[in-house]
Amino acid sequence: MDWWEWLLWALLFGFYIMCIFTVCLLTFQKGRVVLGILGIFIPFLWLIGAILPAKKGSRFDIAQGMAMRSQMDQMTS
């Protein structure tokens with residue numbers, strides 16, 4: 001392999017690692033466990049899991065609700 005092929009594979013691997021720490025974690029926080037696990041093999045599924053709305057009671061849903069309540073408390077006081 002030439003140097004540019006090594007560079008291309010290194011960039012692709014770096015992009016995959018970046019997706020694991022961003023989109024994959026968001027998918028798991030939204031409660032989409034199956035999409036998160038399947039996304040390890042088909043990373044496009046991570047994007048679908050990150051775009052879908054959060055499931056009720058998921059970590060993301062609870063944090064979003066607390067942030068909205070905090071904003072409402074600041075506006076009303």
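Residues numbered from 1 in each chain as written. Predicted model: local features only at pLDDT ≥ 70, side-chain atom pairs only at ≥ 80, totals over all residues. Heavy atoms only, no water.

K.L.:
Sorry, what's going on with the overall build of the chain here?
P.N.:
The number of helices and strands found in the chain is four helices and zero strands. Put simply, the chain runs from its N terminus to its C terminus through helices and strands in the order α-α-α-α. The C-alpha atoms of the chain give 18 Å as radius of gyration, which overshoots the globular expectation for 77 residues (11 Å, by more than 25%). Taken along the three principal axes of its C-alpha coordinates, the chain extends 65 × 25 × 15 Å. Taking all 77 residues of the chain together, 21% fall into the buried category. Excluding contacts between residues fewer than 6 apart, the proportion of contacts in the chain whose partners are at least 24 apart in sequence is 37%. Of the roughly 6200 Å² of accessible surface on the chain, 75% is carried by carbon and sulfur atoms. The chain carries 6 positive and 4 negative side-chain charges, and their two centres are separated by 19 Å. (Helix = DSSP H or I, 4+ residues; strand = E, 2+ residues; numbered from the N terminus. Rg over C-alpha atoms; globule rule 2.2 N^0.38 Å. Buried < 20%, exposed > 50% of the residue type's maximum accessible area, 1.4 Å probe, protein only. Contact = heavy atoms within 4.5 Å. Areas by Shrake-Rupley, 256 points an atom, 1.4 Å probe, with all protein chains shown as cover. Lys, Arg positive; Asp, Glu negative; His and termini not counted. Charge placed at Lys NZ, Arg CZ, Asp CG, Glu CD.)

K.L.:
Is there a simple way to explain the side chain of R32 in this structure?
P.N.:
Counting through the fold element by element, R32 comes out in the loop between α1 (3–29) and α2 (33–38). D61 provides the closest opposite charge to the buried, salt-bridge-free R32, at an N-O distance of 10 Å. Every residue in contact with R32, bar those within four places of it in the chain, is listed here: T27, G49, L52, P53 and K55. (Salt bridge = Lys/Arg side-chain N within 4 Å of Asp/Glu carboxyl O.)

K.L.:
Help me understand the packing of α1 against helix α3 (residues 44–51), please; the structure alone is not making it clear to me.
P.N.:
Each pair of packed helices can be described by the angle between their axes along with the distance between the axes. The geometry of α1 relative to α3 is characterised by a closest axis approach of 8 Å and an angle of 35° between their N-to-C directions. Note on packing geometry: the crossing formed by α1 with α3 is left-handed. When α1 is examined against α3, the residues Y16, C19, I20, V23, C24, L26 and T27 are found in contact with a partner set consisting of W46, L47, G49 and A50. (Axes fitted to C-alpha atoms, helices over the stretch in contact; angles between N-to-C directions. Left-handed = near helix turned anticlockwise from the far one by under 90°.)

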